[in-house]
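# Observations on chain architecture
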Amino acid sequence: MGERESQIRTWLFNPFIYIAGFKSLLIGIALMAISAWVGFLNNSHFDGVLDMHRAMAAQFHIFLLEVVIDWVSISLVLFVLGVILSKSKIRWIDVFGTQALARWPMIPAVILMVFIPDVKDMDLSDIQSLNGLIVPATVMLLFIIWFVALMFNAYKISCNLTGSKLTISFIGGLILAEILSKILIGQIVFGMLILPQKDQLSVLPPEQKGNNVEIAKGILTSLNEEKYRQASIAFDDNMKNAFPVRKMSAFWSGTKMQYGEFEKNMEPTTSNQGEHEIIFILCHFEKGKLNMKTVFNDKHEVIGLFFPPYKPQTKTIEVTEAELKIYLGVYSSPSFPLKVTITNDGDKLIGQATGQPSFQLEYFEEHKFKYDQAGLKLEFIPNENKMILRQAGQVFEFKREP
Amino acid sequence: MNKKLPLECPSCSSRLKVKSLVCDTCDTAVNGMYDLPTLTGLNSDDQLFITEFVKASGSLKVMAQQLKLSYPTVRNLLDSVINKLKENDG
């Protein structure tokens, strides 16, 4: 029993007695790829040899690159130290291979990240909420100790060092590798996420230039494809500073978490406020609707981007006079005896059939209005000059008179 | 009973030498003053390791396979034996 326990301990903390070189390199790389994949799934970044943080969503290769940078940093530093300090003929493949295998506690650790709440969202005066943090954080600490013990033993075996030479050089090497990995990740990975690349700075295709509706649609498409740099091309400088790629990525991930996957969008509507043009695009997500609002200046630059939840019950208040203008006119239908006149009273849409009292229409969906007292629903198709009237199961198609 | 060859003097801890050798077939005894072979300065595990290492034609890879240990572990064992031999020589 004692021997079995000791064997389990050896496999957990010092498997390098049995595995090193190419074999451990292959196993280690496979396990690192798995940890990167789990990180990709729960947005946990490996932003340093010993670091793991929940942050923005990114593509899988970003997480893989971070893991590789961490591994190469610690392996390279310890290999150089080994060459300088060890009297044995050490092999690079043993150092890199054992350090790769030593990173496998990152898999349970990155899974555990799901259970660690974001401190920003916590009420720190609430004891229960703190308990929810302490337990997973303690387990995480144990994982880190285990991980460091593995790296230490990997270094000890692959470089054949003992005593204070081993301990001091390992601590120094770990600190050095942590700094190196932070610099490399900062330069390479962060640059890939934040800095616009030259080809993507070549603004919009000529046919989209100056067309605010197309730009707004393009932003939505880019967000949906998670091409955040592309989405921010038309932003003015203030917007680029206020809403950088990492914020946009976090915002879009958060939106999808709350509202589900994006499904479709309705045709954009526009309104003008002074020199600003505002484009509204109603976006349907799995669990709700958001009304994307993009504000442009006179240079066709985006100066505001908002995604307020779509609230049909309060929409009558939100519909502006300018938005109602596209519906106004006299509508007639060969199958309906009366003409219907649509006018507006400020931001209220008013309908009136010939010789009948007027009635106020209530907005309930994109281009759709209703008058509940009469069970009447009107749907406008402004670009075709059409209006569809639905009442008591009957449908009448009206045409706007010129 | 597996008797252990004494290497150090129990009185002053100096390295022991061989004074007498006996033929257990005809009882002939040879007296003189001989040094112990270098390898006897190693413990039995290290002596076994050296024997296996020579049998494996000095290949650490073959040794690692036979002992089911990793290459650097076997190399470290060898380095440790070399150090002991150097210390004994010194």
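Residues numbered from 1 in each chain as written. Chains lettered and ligands numbered in written order. Predicted model: local features only at pLDDT ≥ 70, side-chain atom pairs only at ≥ 80, totals over all residues. Heavy atoms only, no water.

### Focus on the overall build of chain A
Across its full length, chain A holds 13 helices and 15 strands. Taking all 402 residues of chain A together, the buried fraction comes to 44%. Sequence-distant contacts, at least 24 apart, represent 54% of the contacts inside chain A between residues at least 6 apart. Carbon together with sulfur atoms contributes 60% to the accessible area of chain A, which is approximately 21,200 Å² in total. (Helix = DSSP H or I, 4+ residues; strand = E, 2+ residues; numbered from the N terminus. Buried < 20%, exposed > 50% of the residue type's maximum accessible area, 1.4 Å probe, protein only. Contact = heavy atoms within 4.5 Å. Areas by Shrake-Rupley, 256 points an atom, 1.4 Å probe, with all protein chains shown as cover.)

### Observations concerning the packing of helix H1 (residues 44–55) of chain B against helix H3 (residues 71–89) of chain B
Residue and element names in this part refer to chain B. The interhelical angle for the contact between H1 and H3, taken along N-to-C directions, is 115°, at an axis separation of 11 Å. For the crossing formed where H1 meets H3, the hand is left-handed. Along the contact surface, H1 presents Asp46, Phe49, Ile50 and Phe53, while H3 presents Val74, Leu77, Leu78, Val81 and Lys84. Looking at the contact of H1 with H3 residue by residue, the class counts come to 7 nonpolar, no polar and 2 charged. (Axes fitted to C-alpha atoms, helices over the stretch in contact; angles between N-to-C directions. Left-handed = near helix turned anticlockwise from the far one by under 90°. Nonpolar A, V, L, I, M, F, W, Y, C, P; charged D, E, K, R; others polar.)

### Some points on the packing of helix H2 (residues 60–67) of chain B against H3(B)
All names here are of chain B. For the pair H2 and H3, interaxial distance at closest approach is 9 Å and the crossing angle is 110°. Taken as axis vectors, H2 and H3 run roughly perpendicular relative to one another. Of the residues in H3, those touching H2 at Leu60, Lys61, Met63, Ala64 and Leu67 are Tyr71, Val74, Arg75 and Leu78. Along the lines of polarity and charge, the residues of the contact of H2 with H3 split into 7 nonpolar, no polar and 2 charged. (Parallel < 35°, antiparallel > 145°, perpendicular 65-115°, else oblique.)

### A closer look at the interface of chain B and chain A
In many analyses, interface size is given as the accessible surface area lost on bringing the parts together. Tallying the contact residues gives 10 residues for chain B and 15 residues for chain A. Between chain B and chain A the total buried area reaches about 830 Å² when both faces are included, carbon and sulfur atoms providing 48% of it. When the buried surface of chain B facing chain A is broken down by residue, Pro72(B), Arg75(B) and Asn76(B) rank first, second and third, together holding 45% of it. Summed over the shared surface of chain B and chain A, the number is 0 salt bridges. (Buried area = accessible area lost by both parts, 1.4 Å probe. Salt bridge = Lys/Arg side-chain N within 4 Å of Asp/Glu carboxyl O.)

### Some thoughts on the pattern of salt bridges
Residues and elements named next belong to chain A. Considering all chains together, one arrives at 17 salt bridges over all chains under this definition. Put simply, Lys227 and Glu225 hold a salt bridge, and the shortest N to O gap is 3.4 Å. Its relative accessible area of 45% is what places Lys227 among the partly exposed residues. Between Glu379 and Arg390 there is a salt bridge, with the nearest N and O atoms lying 3.3 Å from each other.

### Brief notes about the packing of aromatic side chains
Scanning all chains against the criterion turns up 23 aromatic pairs over all chains. Ring geometry for Phe40(A) versus Phe60(A): centroids 5.9 Å apart, planes at 70°, classification edge-to-face. One end of the pair, Phe40(A), is in helix H2 (residues 21–42); the other, Phe60(A), is in helix H3 (residues 60–85), with 20 residues separating them in the sequence. By relative accessible area, Phe60(A) is classed as partly exposed at 27%. Each member of the aromatic cluster is reached from another via a ring pair, and the members are Phe251(A), Trp252(A), Tyr259(A), Phe262(A), Phe285(A) and Phe307(A). Sitting over the face of the ring of Tyr71(B), Arg91(A) holds its NZ or CZ atom 3.8 Å from the ring centroid. (Phe/Tyr/Trp six-rings, centres within 6.5 Å; stacked < 30°, edge-to-face > 60°. Lys NZ or Arg CZ within 6 Å of the ring centre and 35° of its normal.)

That's the geometry; what it means functionally is another story.
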